[in-house]
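This is what each chain is made of:
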Amino acid sequence: MREPVRIEGGATGAPSLEEMLARVAQGDQDAFASVYDTVAGPVLGLVRSVLRDPAQSEEVAQEVLVEVWRLAAHFDPARGGATSWVMTLAHRRAVDRVRSSQAASDRDARAAQLDRTPAYDEVVEQVEARLEREQVRRCLGSLTELQRQSVTLAYYRGLTYREVAELLTQPLGTVKTRLRDGLIRLRDCLGVSA
């Protein structure tokens, strides 16, 4: 059966953790080495139970021990034991790391969501395209039959002026004139400036 580990000063006559922290507060490096040896294992265990990531746990445990060195003067034995104080520092630092990691993850998720948002509103695009088609149809309807046929064959079917003239059995000059007149009327009807 395993014996419980005791991290407070014991009956061996060694100074208690509280006494060691008081000496650390005065800058005693040997006292800090003793404090380190006493609390490093439990601090790492607590931090690892919160973070679950060994690399981050080691990093946070190191930060906690540096904080113990810096803040040893803030330890007040009247408010609680030294072990509780150190473990509270460790727990707070570990929870802060979890929160920081979660916030970073949330930021990344929001950024990824923004990247997936289309740059334009598809519904608006479809409505505008439909309205433009209807306006073009209405304007085409205002042309004479020869103008409408010439524009449709030349611009929607991609025929040359000569092919349009042959298909409509009209002289080439007449087709060119009707195309020009038809395009001018379309421009005016659609409200396009020259």
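Structural data are supplied above this passage.
Thresholds, definitions, all that
Residues numbered from 1 in each chain as written. Predicted model: local features only at pLDDT ≥ 70, side-chain atom pairs only at ≥ 80, totals over all residues. Heavy atoms only, no water. Phe/Tyr/Trp six-rings, centres within 6.5 Å; stacked < 30°, edge-to-face > 60°. Helix = DSSP H or I, 4+ residues; strand = E, 2+ residues; numbered from the N terminus. Buried < 20%, exposed > 50% of the residue type's maximum accessible area, 1.4 Å probe, protein only. Core = buried A, V, L, I, M, F, W, Y, C linked by side-chain atoms within 4.5 Å. Contact = heavy atoms within 4.5 Å. Salt bridge = Lys/Arg side-chain N within 4 Å of Asp/Glu carboxyl O.

Asks: Tell me about the packing of aromatic side chains, and name the residues and values.
Replies: Per the stated rule, a full pass over the model turns up three aromatic pairs. Judged by centre distance (6.3 Å) and plane angle (55°), the rings of F32 and Y36 are tilted. Separated by four residues within a single helix, F32 and Y36 lie in helix α2 (residues 29–51), roughly one turn from each other. Judged by its relative accessible area of 18%, F32 falls in the buried class. Centre to centre, the rings of F75 and W85 are 5.6 Å apart; their planes meet at 55°, and the pair counts as tilted. Residue F75 is located in the loop between α3 (54–71) and α4 (82–116), and its partner W85 is located in helix α4; the two are separated by 10 residues in the primary sequence. For the pair F75 and W85, one class covers both residues: buried.

Asks: Lay out the nonpolar core in plain terms, naming residues and giving numbers.
Replies: Within the largest apolar cluster, 25 residues are counted, with the highest numbers of intra-cluster contacts made by L21, V35, V43 and V68. Going through the elements one at a time, α1 (17–25), α2, α3 and α4 are the ones with two or more residues in this core. Ranked by residue count, the leading element in this core is α2, at eight residues. The residues touching V35, leaving out its near neighbours within four places in the chain, are L17, M20, L21, V24 and V68. L143, L146, L153 and V175 belong to the second-largest nonpolar core, a separate cluster that totals 13 residues.

Asks: How would you explain the pattern of salt bridges if you had to name every residue and give the values?
Replies: Evaluated as defined, the whole model comprises eight salt bridges. A salt bridge links D28 to R23; the shortest N-O distance between them is 3.2 Å. For D28, a relative accessible area of 23% puts it in the partly exposed group. A salt bridge links R180 to D181, with the shortest nitrogen-to-oxygen separation between them at 3.1 Å. What emerges from the salt-bridge pattern is a single network uniting E59, E63, E67, R93 and R97.

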